[in-house]
Amino acid sequence: MHQFRVLAICSLLAITGPGGEVAAHGPESLPLPVRLGTHDQAPYGSYQADKSFDGVAVRVVSCVLKRMGRSYAVEVYPWARVQLMAERGEVDGFFPATLRPERLVWAQATDVIADQKWVWYLPAASKLDPLSAEFKATARVGAHLGSNRLKMLEEQKYQVVLRPASDEMLLRAFVRGGRADAILGGDLAIAMAMKEQGLDPKSFRTVLAQDSPLHAYFGRKFLLSEPDFVVRFNAHVPFCR
């Protein structure tokens, strides 16, 4: 597993000013690189064959920060740890993540940086209805550790039996273990995991749970020195998605 690594540092030695000119900055005036945490989850951000780290969310965030003229570092950790580090101020922000009220206590969310839907995955022959009260009370389910999906399932008293560290591992455990009746995953991440694991999508029945787009978050400790950072970030998002 590739974890606990700094993936990208983008250094900008010259920053274009408002009129298009190159603004000169001495070393003492350059802000420190923005430190961002993420996790290894295709297609939003994952290790490529050439050992680079890339994905749809990584590209949006990188594009925005470059347009802002900011140097940055992307660090990869397990998802639960990423969020704890952001809450403690050990990184300046993290991505990609769904909106969650308790996160907004210590961080501010950006506009949407990537699309995502929450989808129930069941064996093709299953007759269970994930939207029914009976399913909620009796079905054995799973979602990946640290995800908003798992938190929702636990809060609503579903019978959670699978809590692996990623959607990829969730799918593998679901297919091979036989412990769960269904899993709740992100549509693009599960689709990528099916492809990588050589699974036929037709062997699953899917039921849409909800639309749940993804954002970047920046910690309020970081924003104390740059209170308009998220507003400036959001101004560039339409040009980078």
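Since we're looking at a predicted model, the values are computed, not measured.

### Here's the deal with the packing of helix α1 (residues 56–67) against helix α9 (residues 229–240)
Thinking step 1. Put simply, α1 and α9 touch, their axes get as near as 9 Å, and they point 115° apart. Viewed along their axes, α1 and α9 form a crossing whose handedness is right-handed. Residues V60, V61, C63, V64, L65 and R67 of α1 touch α9, and the partners they reach there are F229, F233, H236, V237, F239 and C240.
Thinking step 2. Counted by class, the contact of α1 with α9 contains 10 nonpolar, 1 polar and 1 charged residues.

### Quick notes on the pairing of strand β10 (residues 117–123)
Thinking step 1. The buried fraction of β10 is high, at 5 of 7 residues.
Thinking step 2. Of the pairings in the sheet, the one linking β10 to strand β14 (residues 204–211) comprises 7 bridges and is antiparallel in character. Residue pairing in the sheet places W118 in a bridge with Q210 of β14.
Thinking step 3. Pairing analysis gives 4 bridges linking β10 to strand β13 (residues 182–186), with the strands arranged antiparallel. Across the sheet, residue W120 finds its bridge partner in β13, namely L184.

### With respect to unusual backbone geometry
Thinking step 1. Look at the link from A42 to P43: it is a cis peptide, with omega at 5°.
Thinking step 2. With respect to the helices and strands, P43 occurs in the loop between β4 (34–38) and β5 (46–47).
Thinking step 3. Cis peptide bonds are those with omega within 30 degrees of zero, and the linkage from F95 to P96 qualifies with -10°.
Thinking step 4. Positionally, P96 belongs in strand β8 (residues 93–97).
Thinking step 5. One non-glycine residue, K51, adopts positive backbone phi at about 75°.
Thinking step 6. Residue position: K51 is located in the loop between β5 and β6 (53–54).
Thinking step 7. Residue K51 is classed as exposed on the basis of its relative accessible area, which comes to 63%.
Thinking step 8. Although it is not a glycine, K157 adopts a positive phi angle of roughly 65°.
Thinking step 9. Mapped onto the elements of the fold, K157 is located in the loop between α5 (148–155) and β12 (159–162).
Thinking step 10. In this structure K157 comes out as exposed when scored by relative accessible area, which is 63%.

Each value, and the rule that gives it
Residues numbered from 1 in each chain as written. Predicted model: local features only at pLDDT ≥ 70, side-chain atom pairs only at ≥ 80, totals over all residues. Heavy atoms only, no water. Axes fitted to C-alpha atoms, helices over the stretch in contact; angles between N-to-C directions. Helix = DSSP H or I, 4+ residues; strand = E, 2+ residues; numbered from the N terminus. Left-handed = near helix turned anticlockwise from the far one by under 90°. Contact = heavy atoms within 4.5 Å. Nonpolar A, V, L, I, M, F, W, Y, C, P; charged D, E, K, R; others polar. Buried < 20%, exposed > 50% of the residue type's maximum accessible area, 1.4 Å probe, protein only. Pairing = 2+ DSSP bridges.

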